[in-house]
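Take a look at the letters that make up each chain.
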Amino acid sequence: MKIHEFQAKELLKRYAIPIQDGITIDNLAQAEAALDQVQADFGAEQFVIKAQIHAGGRGKGGGVKFCSDRATALEKINDIFGMTLITHQTGPEGRLVKKVMVAEALDIAQEFYVAITLDRSSGKDVFMVSSEGGMEIEEVAKTAPEKIVREAVTPGLGLLGFQGRRLAKALELEGKPARQAAAMFQKLYTLYREMDASIVEINPLVVTEQGALVALDAKMNFDGNALYMHSDVVEMRDLDEEDPAEVEADKYNLNYIKLDGEVGCMVNGAGLAMATMDIIKQVGGSPANFLDVGGGANVETVKNGFRIILADENVKAVLINIFGGIVRCDRIANGIIEAVKELDLNVPVVVRLAGTNAEVAKELLSNSGVSIISADHFEDAAHKVVAAAKGA
Amino acid sequence: MAILVDKDSRIIVQGITGAEGSFHAEQCLAYGDNVVGGVTPGKGGQTALEGKVPVFDSCAEAREQVGANVSLIFVPPPFAADAIMEAAAAGIELIVCITEGIPVAQMVEVKSFVEQTGSRFIGPNCPGVLTPGAAKVGIMPGFIAKEGRVGVISKSGTLTYEAVDQLVREGLGQSTCVGIGGDPIIGTTMKELLALFEADSETDAIVMIGEIGGSMEIEAAKYAKENLTKPVIGFIAGQTAPPGRRMGHAGAIVSGVDESAAAKKEMMAQCGIVVVESPADIGKTVKRALS
């Protein structure tokens, strides 16, 4: 689960990590008051106006503006509110800006990159820092990987004192800023672990002209499996930043991701769902979505799956590919029959059922009188659904 | 003798008194498994599955009293990490965890803990292990598989069933099918299973089914190039999956390798693995590789 910069900064504050502070507003009428407060609380004369969306690259996309005075700040707040911000992480459709952070401007002497995430291949969390802070860290990783210094965290022990000092040294910090950074890195890992984050990234961490260490930006993702322990994080969820169809699917425990093709897919299991999308593409079609109905598929999940797939106007045909293990195909067949009758389908539906009770299921479908194209195997199903989508 | 599990496996089910645990324990018994007990803390002394098996308070007691050496775990996510470590601490040789949704940070600690014991761990969030005709330790539908000489390793559940079904339709049975799970942290990896199948005299070829994300397939491919004599047939699901909608850069820079389906397939092919393009051609390709 993702959260906004201003929310991530609240968490940093909770762990006593210094941040570039500000006030976040969700409508223009609050702009004057926010500027007043940033001036009063943080003594700011200059401001940075920052669009709050769940994507990186905001600066490059024009969503972050430095303002040397209050009048400019007002103007920029006005510009950024309601703009459609396009960055390399939003996709070409961009994202509507509904929240804006009015932050204090700082005099920056140095910028660093700092991040923690899981390294799947070693099975350990990895702390990464680089003196090449700012926007192009992925480029640095490709061209000069030695400039990203890593410390693997021993499971159960956290980031140790000497590891924090080593990371600070790698950033060529000395004296007080070095001691501050080492302590900050340990706190940052504690936050990451205690909050069950999957990514914590501070890009950049800066040293100001006054010698203070400050987190200028912050991105955090959280492990969905651990949210049951973190109601405060769950409260930070911003549904405006998510696809409405995916939010709807989530309510029914369906794993749905919208794509831009014309063949709707309903499959049990993520691997088989991906393989189904692959084969549709290979036989000349294009998948409209990923939809995993999970291991406990029943009449209700099938109906809800249909509703979500068909809400997408691009869908010209639907493929249902179920390999019943624990799931019984006859139950799925009943779900399909009910859904087709109830939902008034106007696109062709191709059904491939294999595994437990597949034969019974096929009979149910053919005797039901509902208009369904039956497929014998995986490839056959793909050919039939792509042909149906093209004919529609 | 296939790998991991056989007729001599003495299986306990952790979480046997829950709905999932009792349902699947019953299915395992029906398959002919030697289910010697169950574990539910606080319910020791009772019986489960209509009196067919004893319930113990702990894995250690089950190990001591009925000689359990394999544990199958259905404990709910908040308690599953503890259950896995309990089994490892009790000296259970093979631990298979089916539970989906265990917090990743807990799994990091579990993996580190289990590595310090002598136990082998499979999963979590996986369909388990099936040696057709001998033992089913997990939730795979036993009837789709057939005894034979092809080893199957897979990150995915239903895609494993699909592959097994294709093999059977080509007249090929399986020595053992292992669902390793697709979570960020898993116990036994593809590479380790390749080594086990290579050493198994009852396996002639290996099917390896991967997915986008992580670098496990690449590590396995490199291992296969150096160490394997048996043919390996590989498929990677997710060629058309959109790049994850990520935020920030840490995920992209941490592994230092390309985790896309195309990159994995290329590396696998370079390492001598027969790469299947269409998920419908897995069975046919194995047949060709063996002829």
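Small disclaimer: the values here were computed from a predicted structure and weren't measured.

A. Geometry of the overall build of chain B. The helix and strand tally for chain B stands at ten helices and 14 strands. In terms of C-alpha radius of gyration, chain B reaches 19 Å, essentially the compact-globule figure of 19 Å for 291 residues. Once the C-alpha set of chain B is aligned to its principal axes, its extents read approximately 55 × 50 × 30 Å. Taken over 291 residues, chain B has a buried fraction of 60%.

B. Region of interest: the domain arrangement of chain B. All names here are of chain B. Each assigned domain of chain B is listed here: domain 1 (11-122) and domain 2 (145-290). Summarising the inter-unit geometry, the C-alpha centres of domain 1 and domain 2 are found 27 Å apart. Listed per partner, the contact involves seven residues of domain 1 and ten residues of domain 2. With both sides pooled, the region where domain 1 packs onto domain 2 buries about 810 Å², and carbon together with sulfur makes up 59% of that total.

C. Layout of the side chain of Lys-99 of chain A. Residues and elements named next belong to chain A. Looking at the secondary structure, you find Lys-99 in the loop between strand 5 (95-96) and strand 6 (100-104). On the basis of relative accessibility, which here comes to 18%, the residue Lys-99 falls in the buried class. Among the polar contacts listed, one links the side chain of Lys-99 to the side chain of Asp-238, at a separation of 3.1 Å. Those residues in contact with Lys-99, other than ones at most four positions away along the chain, are His-4, Phe-6, Thr-24, Ile-25, Asp-26, Lys-50, Ala-51, Gln-52, Phe-81 and Asp-238.

D. The arrangement of the nonpolar core in detail. With 93 residues, the main nonpolar core has Val-96 and Leu-194 of chain B as its most contacted residues. Counting the residues that make up this core, at least three belong to each of domain 1 (11-122) and domain 2 (145-290) of chain B. Apart from residues no more than four positions distant in its own chain, Leu-194 of chain B is found in contact with Ile-153, Ile-206, Met-208, Ala-220, Tyr-223, Ala-224, Leu-228 and Val-232 of chain B. If you look at the next biggest cluster of nonpolar residues, it comprises 70 residues, including Ala-168 of chain A together with Val-39, Ile-84 and Ile-102 of chain B.

E. The interface of chain B and chain A, seen in detail. Opposite the 59 residues of chain B that make contact, chain A presents 62 residues. Where chain B abuts chain A, roughly 4,800 Å² becomes buried across the two surfaces, and 61% of that area is made up of carbon and sulfur atoms. Summed over the shared surface of chain B and chain A, the number is three salt bridges. The residue Lys-284 of chain B makes a salt bridge to Glu-379 of chain A at a minimum N-O spacing of 3.9 Å.

F. Molecular detail of the environment of Thr-40 of chain B. All names here are of chain B. Within the secondary structure, Thr-40 sits in the loop between strand 2 (35-39) and strand 3 (47-48). Classification of Thr-40 as buried rests on a relative accessible area of 13%. If near-sequence neighbours (up to four positions away) are discounted, Thr-40 is found in contact with Gly-15, Ile-16, Thr-17, Val-55, Phe-56 and Asp-57. There is a polar contact of 2.8 Å between the side chain of Thr-40 and the side chain of Thr-17.

G. Broad picture of helix 13 (residues 378-391) of chain A. Taking 1.5 Å of rise per residue, the 14 residues of helix 13 of chain A would be expected to cover 20 Å, and the 20 Å separating its terminal C-alpha atoms lies within 8% of that figure. Of all the residues in helix 13 of chain A, the buried ones are Phe-378, Asp-380, Ala-381, Ala-382, Val-385, Val-386, Ala-388 and Ala-389 of chain A. In this structure, the buried residues of helix 13 of chain A make contact with strand 14 (263-267), helix 9 (270-282), strand 16 (317-324), strand 17 (349-355) and strand 18 (373-374) of chain A together with helix 5 (158-169) of chain B.

H. Inspection of the sheet that holds strand 8 (residues 128-131) of chain B at higher detail. Residues and elements named next belong to chain B. Pairing is mixed in the open sheet, where seven strands are placed in the order 9-8-11-10-12-13-14. Lying at the two open borders of the sheet, with one neighbouring strand each, are strand 9 (135-138) and strand 14 (274-275). Sitting on the sheet, helix 6 (residues 190-199) is in contact with strand 10 (147-154), strand 11 (174-179), strand 12 (205-211) and strand 13 (232-237), with an inclination near 170 degrees to strand 12. Contacts between helix 9 (residues 261-270) and the sheet are confined to strand 12, strand 13 and strand 14, with strand 13 contributing the most and set at about 170 degrees to the helix.

I. Focus on the pattern of salt bridges. All names here are of chain A. Scanning the entire structure with this criterion turns up 39 salt bridges over all chains. Here Glu-5 makes a salt bridge to Lys-9, at a shortest N to O gap of 2.8 Å. On the criterion of helical spacing, the pair formed by Glu-5 and Lys-9 is a turn pair, its members being four residues apart in helix 1 (residues 5-14). Residue Glu-5 shares its accessibility class with Lys-9, and that shared class is buried. Between Asp-196 and Arg-193 there is a salt bridge; the shortest N-O distance is 3.7 Å. Residue classification places Asp-196 among the buried residues on the basis of a relative accessible area of 4%. Salt bridges sharing partners connect three or more residues here, namely Glu-5, Lys-9, Lys-50, Arg-58, Asp-217 and Lys-219.

J. Local environment of the confidence of the model for chain A. A residue-level look at chain A finds 99% of positions with pLDDT of 70 or above and a mean pLDDT of 92. Mean pLDDT across the elements of chain A bottoms out in helix 4 (residues 137-143) of chain A (84) and peaks in helix 1 of chain A (98).

K. How the structure looks around unusual backbone geometry. Residue Pro-204 of chain A is bonded to the preceding Asn-203 of chain A through a cis peptide linkage, with omega at 10 degrees. Mapping Pro-204 of chain A onto the fold places it in strand 10 (residues 197-208). Cis geometry is adopted by the peptide bond preceding Pro-124 of chain B, which originates at Gly-123 of chain B and carries an omega value of 5 degrees. Following the sequence through the fold, Pro-124 of chain B ends up in the loop between strand 7 (120-122) and strand 8. With a phi close to 60 degrees, Asn-357 of chain A is a non-glycine residue in the positive phi region. Inspection of the secondary structure puts Asn-357 of chain A in the loop between strand 17 and helix 12 (358-367). Taking relative accessible area as the criterion, Asn-357 of chain A reaches 31% and is therefore assigned partly exposed. Despite not being glycine, Glu-50 of chain B has its phi angle at roughly 50 degrees, a positive value. One can find Glu-50 of chain B in the loop between strand 3 and strand 4 (53-56).

L. Region of interest: the sheet that holds strand 6 of chain A. Residues and elements named next belong to chain A. Taken in spatial order, the four strands make up an open sheet running 1-6-2-3, and their pairing is antiparallel. The open sheet terminates on both sides in strands that have one partner only, identified here as strand 1 (22-25) and strand 3 (64-67). In this sheet, neighbouring strand axes are inclined to one another by 15 degrees on average, regardless of whether the strands run parallel or antiparallel. Across five bridges, the pairing between strand 2 (residues 47-51) and strand 6 is antiparallel. Bridged to Val-48 within strand 6 is Ala-103. Against the sheet, helix 1 makes contact with strand 1, strand 2 and strand 6, and its axis sits at roughly 50 degrees relative to strand 6, the strand it touches most.

M. View of the pairing of strand 11 of chain B. Residue and element names in this part refer to chain B. Within strand 11, six of the six residues are buried, which leaves the element mostly enclosed by the surrounding structure. Pairing of strand 10 with strand 11, which is carried by five bridges, proceeds in the parallel orientation. Looking at strand 11, one finds that Ser-154 is bridged to Gly-179. Considered for its hand, the β-α-β crossover made up of strand 10, helix 5 and strand 11 is right-handed.

N. Up close: the environment of Ala-269 of chain B. Residues and elements named next belong to chain B. The residue Ala-269 is located in helix 9 in this model. Classification of Ala-269 by relative accessible area gives partly exposed; the value is 44%. Distance in space between the C-alpha atoms of Ala-269 and Ala-221 is 8.4 Å, their sequence separation being 48 residues.

Conventions and cut-offs
- Residues numbered from 1 in each chain as written.
- Chains lettered and ligands numbered in written order.
- Predicted model: local features only at pLDDT ≥ 70, side-chain atom pairs only at ≥ 80, totals over all residues.
- Heavy atoms only, no water.
- Helix = DSSP H or I, 4+ residues; strand = E, 2+ residues; numbered from the N terminus.
- Rg over C-alpha atoms; globule rule 2.2 N^0.38 Å.
- Buried < 20%, exposed > 50% of the residue type's maximum accessible area, 1.4 Å probe, protein only.
- Domains from an automatic or database assignment.
- Contact = heavy atoms within 4.5 Å.
- Buried area = accessible area lost by both parts, 1.4 Å probe.
- Polar contact = N/O pair within 3.5 Å; in protein donor to acceptor, adjacent residues only side chain to side chain.
- Core = buried A, V, L, I, M, F, W, Y, C linked by side-chain atoms within 4.5 Å.
- Salt bridge = Lys/Arg side-chain N within 4 Å of Asp/Glu carboxyl O.
- Expected span 1.5 Å × (residues − 1).
- Pairing = 2+ DSSP bridges.
- Axes fitted to C-alpha atoms, helices over the stretch in contact; angles between N-to-C directions.
- pLDDT = per-residue confidence, 0-100.
- Right-handed = clockwise from strand over helix to strand, strands pointing away.

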